[in-house]
Amino acid sequence: MIPFLDLKGINTQYRAALIEACTRVIDSGWYIQGNEHKEFEKEFAAYCGTKYAIGVANGLDALILVLRAYKEMGVMSDGDEVIVPSNTYIASILAISQNNLVPILVEPDINTFLLDPAKIEEKITSKTKAILPVHLYGQTCEMSKINAIAKKHNLKVIEDSAQSHGAYFEDKRSGNLGDASGFSFYPGKNLGALGDGGAVTTNDEELASAIKALGNYGSHKKYENLYKGINSRLDEMQAAMLRVKLRYLDNEVEKRRGIANYYLQNIKNDKLILPTLRAEDNHVWHLFAIRTNKRDELQKYLQENDIQTLIHYPLPPHKQNAYKEWNNDSYPISGQIHNEVLSLPISGVQSLEDTMQIVKVLNEYK
Ligand SMILES: *Cc1c(COP(=O)(O)O)cnc(C)c1O
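Every chain begins its residue count from 1, and numbering advances along the sequence as written. In keeping with the model being predicted, local features are shown solely for residues with a pLDDT of at least 70 and side-chain atom pairs are shown and tallied solely at 80 or more, while totals for entire chains, interfaces and linings include all residues. Heavy atoms throughout the structure, all of them, feed into the side-chain values; hydrogens and water do not.

Labelled according to an unreviewed UniProt entry, the protein chain appears under the name Glutamine--scyllo-inositol transaminase, originating from Sulfurospirillum deleyianum. UniProt positions are given in the numbering used here, feature names are shortened, and annotations may be inferred rather than shown by experiment. Listed in UniProt under the heading Sequence similarities (unreviewed entry), the comment for the protein chain reads: "Belongs to the DegT/DnrJ/EryC1 family."

The following block contains the structure:
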């Protein structure tokens, strides 16, 4: 079976360096917010090109804390609206709801799967305070258009970069394309920890300082609490793992680009619709999602041919039980995407033979 993602294989490449990093943490005697955490924050900010990176416990918390910090800063308050793509992973939307803010769903472009800038302005009201573009599957949204709309209406732009570590838009990287950005280091992401992890990047000093405090019981200074904060910290061991893996992130992305280009050039079957790539460096191919109107049949066919695929995602957020209030609303483009997408195997350890076999099997599909 060709696996969708060989996580063990990915981490085995760095086994010796990861063990050395573990040993360093054990021997340091300091396990929360120590040197590894501090150094990773510096290194990740430098990678993204931002002034600040703040390590947090996971990607969902990264987004929750950005919105929470804006509330503490008086930028937004309960009941305000945040624009978010209707086809995103549910976490982007949960971050909004959990802050007592109102998610306003906007449909994506069917070809790129990304928030459609042309559909944003009609959803802006006097309560709108932010746009939360999601660089879904690893390709950055059209940030020049989104930032222009935000500027015109005085809105914050909060990127969801959970799938787009390292992707560029023009001359800047994901994480440095808006006012703040949330990252996830869930093991399966392009930059994955060996457990949970996340970060916020920003150039805004006040925001960075508020987030740092909010994730540490609301405390700037030990035993002094400015806010009713939470405990959401990137742990020392995961920071050490991430410092190792960050050094190889560009290499991982290059390998993914090689596979994606091979798919784009060699999959030739008029039953299958390939994803639209805007520019080579805009996409880091966290996922390579194709579309077909008989998706479940295609998945079964690939399974029978020993190729594992996944669906990102089977059910759109507005059809989830968690958002019952939206169950009768209609988001036809999202609906179509959720019925038609299938993610092909892709990763830095996938062999050329496996990639060629996948293409061969897809081209023989009738
Ligand atoms: C993975 C993911 C998240 C959440 O990250 P966690 O670390 O799992 O909390 C948020 N948004 C998107 C688009 C994701 O893919």
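Okay, the site of the ligand next. Every residue close to the ligand is listed here: Asn58, Gly59, Leu60, Tyr89, Ala91, Val134, Asp160, Ala162, Gln163, Ser184 and Lys189. N or O atoms closer than or at 3.5 Å make up a polar contact, with two conditions inside protein: a donor-capable atom paired with an acceptor-capable one, and, for residues adjacent in sequence, both atoms drawn from side chains. The contact in question runs from an oxygen atom of the ligand to an N or O atom on the backbone of glycine 59, over 2.8 Å. A distance of 2.8 Å separates a nitrogen atom of the ligand from a polar side-chain atom of aspartate 160. The method behind every accessible area is Shrake-Rupley, applied with a 1.4 Å probe, and residues are considered shielded solely by the protein chains displayed. For the ligand, whose unbound accessible area comes to 380 Å², protein coverage reaches 90%. Think of it as three bins: nonpolar holds Ala, Val, Leu, Ile, Met, Phe, Trp, Tyr, Cys and Pro, charged holds Asp, Glu, Lys and Arg, and polar takes everything else, Gly as well. Residue classes in the shell around the ligand are distributed as 5 nonpolar, 4 polar and 2 charged. Only heavy atoms are used to decide nearness, and a residue is near a molecule or strand if one of them lies within 4 Å of it.

Take the packing of helix α4 (residues 59–72) against helix α7 (residues 205–214) next. The axes are straight lines fitted to the C-alpha atoms, using for helices just the contacting stretch, and the angles between their N-to-C directions are given from 0 to 180°. Helix numbers and strand numbers start at the N terminus; a helix is a DSSP run of H or I with at least 4 residues, a strand a run of E with at least 2. Where α4 contacts α7, the axes come no closer than 9 Å and their chain directions differ by 110°. Taken together, the axis directions place α4 and α7 in an arrangement best described as roughly perpendicular. Crossing angle aside, the handedness with which α4 passes α7 is right-handed. In contact with Leu65, Val66, Arg68, Ala69, Tyr70 and Glu72 of α4, α7 contributes Leu207, Ala210, Ile211 and Leu214. Of the residues belonging to the contact of α4 with α7, the class tally is 8 nonpolar, no polar and 2 charged. Relative orientations are named as follows: roughly parallel for angles under 35 degrees, roughly antiparallel for angles over 145 degrees, roughly perpendicular for angles from 65 to 115 degrees, and oblique for any other angle. The sense of a crossing depends on the near helix, which, turned anticlockwise from the far helix by less than a right angle, makes the crossing left-handed and, turned clockwise, makes it right-handed. The contact rule is simple, with two residues in contact once any of their heavy atoms fall within 4.5 Å.

Those domain boundaries reflect an automatic or database domain assignment. Along its sequence, the protein chain is carved into domain 1 (7–243) and domain 2 (249–364). Here the C-alpha centroids of domain 1 and domain 2 sit 24 Å apart. Each side of the interface is counted separately: domain 1 has 43 residues, and domain 2 has 37 residues. When two components associate, each loses some accessible surface as probed by a 1.4 Å sphere; the sum of these losses over both components is called the buried area. For the pairing of domain 1 and domain 2, the buried interface totals around 3400 Å² over both sides, and the portion due to carbon and sulfur atoms is 58%.

A side-chain nitrogen of Lys or Arg and a carboxyl oxygen of Asp or Glu constitute a salt bridge if their distance falls within 4 Å. Inspection of every chain in the model, using the stated rule, returns 19 salt bridges. Two residues, aspartate 80 and lysine 129, come together in a salt bridge whose shortest N-O distance is 3.0 Å. Residue aspartate 80 is found in the loop between α4 and β2 (81–85), and its partner lysine 129 is found in strand β4 (residues 128–131); the two are separated by 49 residues along the sequence. Under the scheme applied here, a residue whose accessible area is under 20% of the maximum for its type counts as buried, over 50% as exposed, and between as partly exposed, the area being computed with a 1.4 Å probe on protein chains only. Of the residues examined, aspartate 80 reaches a relative accessible area of 6% and is grouped as buried. A relative accessible area of 24% means that lysine 129 is categorised as partly exposed. Lysine 119 is the partner of aspartate 116 in a salt bridge, and the nearest nitrogen-oxygen pair spans 3.1 Å.

Right, let's get into helix α3 (residues 35–48). With 14 residues, α3 extends 20 Å from end C-alpha to end C-alpha; this agrees with the ideal 20 Å at 1.5 Å per step. Of all the positions in α3, only Glu36, His37, Glu39, Phe40, Glu41, Phe44, Ala45, Tyr47 and Cys48 are classed as buried. After α3 finishes, the residue glycine 49 shows a positive phi value of roughly 85°. Expected span of a helix: the number of residues minus one, times 1.5 Å.

Turning our eyes to something else, we now look at the pairing of strand β5 (residues 156–160). Burial within β5 is extensive, with 4 of its 5 residues counted as buried. Bridge count between β4 and β5: 2 bridges; the pairing is parallel. The partner of isoleucine 131 across the bridge, within β5, is valine 157. Assessed by its sense of winding, the connection that carries the chain from β4 through helix α6 (residues 143–153) to β5 is right-handed. A pair of strands counts as paired when DSSP detects no fewer than two bridges linking them. Bridge count between β5 and strand β8 (residues 180–184): 3 bridges; the pairing is parallel. When the sheet's bridge partners are listed, glutamate 159 is paired in β8 with serine 181. Crossovers are marked right-handed if the path from the first strand over the helix to the second runs clockwise, as seen with the strands pointing away from the viewer.

On to the packing of α3 against helix α8 (residues 236–246), then. At their nearest, the axes of α3 and α8 sit 8 Å apart, and the two run at 35° to each other. Note that α3 runs across α8; the crossing there is left-handed. Touching Asn35, Glu36, His37, Glu39, Phe40, Glu43, Phe44 and Tyr47 of α3 are Glu236, Ala239, Ala240, Leu242, Arg243 and Leu246, all from α8. Tallied by class, the residues present in the contact of α3 with α8 amount to 7 nonpolar, 2 polar and 5 charged.

The next thing to look at is the sheet that holds β2. With mixed pairing, 7 strands are arranged side by side in an open sheet as β1-β9-β8-β5-β4-β2-β3. Edge positions in the sheet fall to β1 (52–56) and β3 (102–106), since each has one partner strand and no second. Averaged over all pairs of adjacent strands, the angle between their axes in this sheet comes to 25°, without regard to strand direction. In terms of strand pairing, β2 meets β3 through 5 bridges, oriented parallel. Considered in β3, the bridge of valine 84 is made with leucine 105. Those strands touched by α3 are β1, β8 and β9 (198–202), and its axis lies near 130° from that of β1.

Take the buried Ala, Val, Leu, Ile, Met, Phe, Trp, Tyr and Cys residues and link them wherever side-chain atoms come within 4.5 Å; each set so joined is a nonpolar core. Counting residues in hydrophobic clusters, the biggest one holds 60 residues, and the most contacted among them are Leu67, Ile120, Ile131, Tyr137, Ile146, Ile158 and Ile211. Here this core gets 8 residues from one element, more than from any other, and that element is α4. For this core, the two domains that each supply at least three residues are domain 1 (7–243) and domain 2 (249–364). Not counting the four nearest positions on each side in its chain, isoleucine 211 is found in contact with Ile54, Leu65, Val66, Ala69 and Val200. Formed by 22 residues, the second largest nonpolar core is a distinct cluster that contains Ile2, Ile267, Leu344 and Val359.

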